[in-house]
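Examining the three-dimensional arrangement
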Amino acid sequence: MHHALRSSLFLLALIGGHAAASTSHSLGIERKQYGESIAYDMNAAGQVAAVIKEKDGTTHAVFLEKGKLIKLEMPGETESEVKRINDKGEVVGSSKKGESWSAFIRTRNHGTQDLGTLGGPSSYGAALNNAGLAVGFSDTPERDWHAFLYTPGEALKDLGTLGGKVSYASAINNPGRVVGSAMIADGSRHAFIYDAASGMSDLGTLGGRYSSATAINDQGVVVGASEMKDRRWHAFMHDGKQMIDLGAKIGFGDSFATGINNEGHVVGVVDTVDMRLSFVWRDNKMTLHPAGKSLYLTNAINDGGQVIGASYDRGLNAATMPSNAIPFVDLGGNKILGFNVVMVLLALTIAIFRKRLKGLFFENKLFFGA
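Residues numbered from 1 in each chain as written. Predicted model: local features only at pLDDT ≥ 70, side-chain atom pairs only at ≥ 80, totals over all residues. Heavy atoms only, no water.

**Description of the pairing of strand S17 (residues 199–204)**
Stated precisely, the cut-off is as follows: At least two bridges found by DSSP between two strands is the condition for calling them paired. Helix and strand labels come from DSSP, where a helix needs a run of H or I of at least four residues and a strand needs a run of E of at least two; each type is numbered from the N terminus.
Bridge analysis of strand S16 (residues 189–195) against S17 gives 5 bridges, and the strand direction is antiparallel. Bridging across to S17, Ile 193 finds its partner in Ser 201. Counted along the chain from S16 to the antiparallel partner S17, the turn is 3 residues long.

Pasting the structure below:
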């Protein structure tokens, strides 16, 4: 059976199953004053790096511990973001003063370390490890964005590109390997991995023009998303030798992997025209969660198996979900969800038969639309 058809039949079976409790758990960040909240990371101690958003979209970095919310914004800052937290409770993010942004490492007890820039006006912090090494991207004097590596006590290191003008670092593991995306000579952007010995290496794509790496675990397994030949996007996992197509295991929609833990469990989201789902790939099994009662955003997964992100209920709400959660089925909403899945199933069936007909009439030459 075609894998896309099989995945859609899985969703239909899911609808017909038994109802389960909501899979996501709100972190309880008060939203009366603010429009939305988003959790980006959680460490082993349960400390959370999150962002609260005012109704006009202004963001503020916050630290959540044992139900207590602490704003990390410093005097003079008008806006801030936080992206990752390590096991020491150190967070990395960015703050805005005037028109410029600055990458920072911040702790509740030891203040703020401004990471500086690569010579331009702004920088953004994206990730850090337990040794306090941080990565992100910064303006250069030529006003091109370049990925950087920060080592405590040293100036930012420009990680360069893959032959183009720009690059962005998105994650770093505890051994110090960095991943992100960088422009190649023809202007396309590819996922990269960087280490001190080998420099920046191109991880390639799944057949399309673009790819981006979003996370890496301590074993060096990388995840992200790649454009396909037909211009759709598929989540991928790179095991150090090859790029593995996780989107093919989902079978439909555009998929994006956003996190991986040291057990090799991968999380991400799936988008179709009609619906959003989150996914968990663990123990060689793909599980799909309808976003209505699960996470709408998946930003990370920690070694305790908690998926970190946000649910959606009249706005984004910082939340977590166990990676082994059973997908929720809202029996009262079966008609709507069922209609969506049937339409996806119908579209996939038509696509399969069209592909077969094209193979008959055009000597198996496939046409991929722009």
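So much for the structure itself; the text now carries on.
**Describing the confidence of the model for the chain**
What counts is decided by this rule: Scored from 0 to 100, pLDDT reflects the predictor's confidence in each residue. Residue contacts are defined here by distance: any two heavy atoms, one from each residue, within 4.5 Å place the two residues in contact.
Looking at the chain as a whole, its pLDDT mean stands at 86, while 81% of the residues score no less than 70. In the predicted structure, residues 331–345 sits below a pLDDT of 50 and forms 25 contacts with residues beyond four places in sequence or in another chain.

**Examining the environment of Ser 226**
For clarity, the threshold we go by: Only protein chains enter the area calculation, which uses a 1.4 Å probe; residues under 20% of their type maximum are buried, those over 50% are exposed, and those in between are partly exposed.
Looking at the secondary structure, you find Ser 226 in strand S19 (residues 222–227). Residue class for Ser 226 comes out buried when judged on its relative accessible area of 0%. Placed 37 residues apart in sequence, Ser 226 and Arg 189 show a C-alpha to C-alpha distance of 10.0 Å. Leave out the neighbours within four places in its chain, and Ser 226 touches Thr 205, Leu 206, Tyr 210, Ser 211, Arg 232, Trp 233, His 234, Phe 236 and Met 243.

**Description of the sheet that holds strand S8 (residues 100–107)**
We apply this condition: Simply put, an axis is a line fit to the C-alpha atoms, just over the touching stretch for a helix, and the angle between two N-to-C directions goes from 0 to 180 degrees.
Ordered by their spatial adjacency, 4 strands build an open sheet running S6-S7-S8-S9, and the pairing between neighbours is antiparallel. At either end of the open sheet lies a strand with only one pairing partner, and these are strand S6 (79–85) and strand S9 (111–116). Across this sheet, the average inter-strand angle for adjacent strands is 30°, counted without regard to direction. Direction of pairing for S8 relative to S9: antiparallel, over a ladder of 5 bridges. Bridge pairing in S9 links Phe 104 to Asp 114.

**Some remarks on the pairing of strand S4 (residues 59–65)**
Burial analysis of S4 places 7 of its 7 residues in the buried class, the great majority of the element. The two faces of S4 match: Thr 59, Ala 61, Phe 63 and Glu 65 on one face and His 60, Val 62 and Leu 64 on the other face are all buried. Between the antiparallel neighbours strand S3 (residues 48–53) and S4 lie 5 residues, among them Gly 57 with a positive phi of about 95°. One ladder, built from 4 bridges, connects S4 with strand S5 (residues 68–71); its direction is antiparallel. By the bridge assignment, Val 62 is partnered in S5 with Lys 71. The turn linking S4 back onto S5 is made up of 2 residues, and Lys 66 within it adopts a positive phi angle of 50°.

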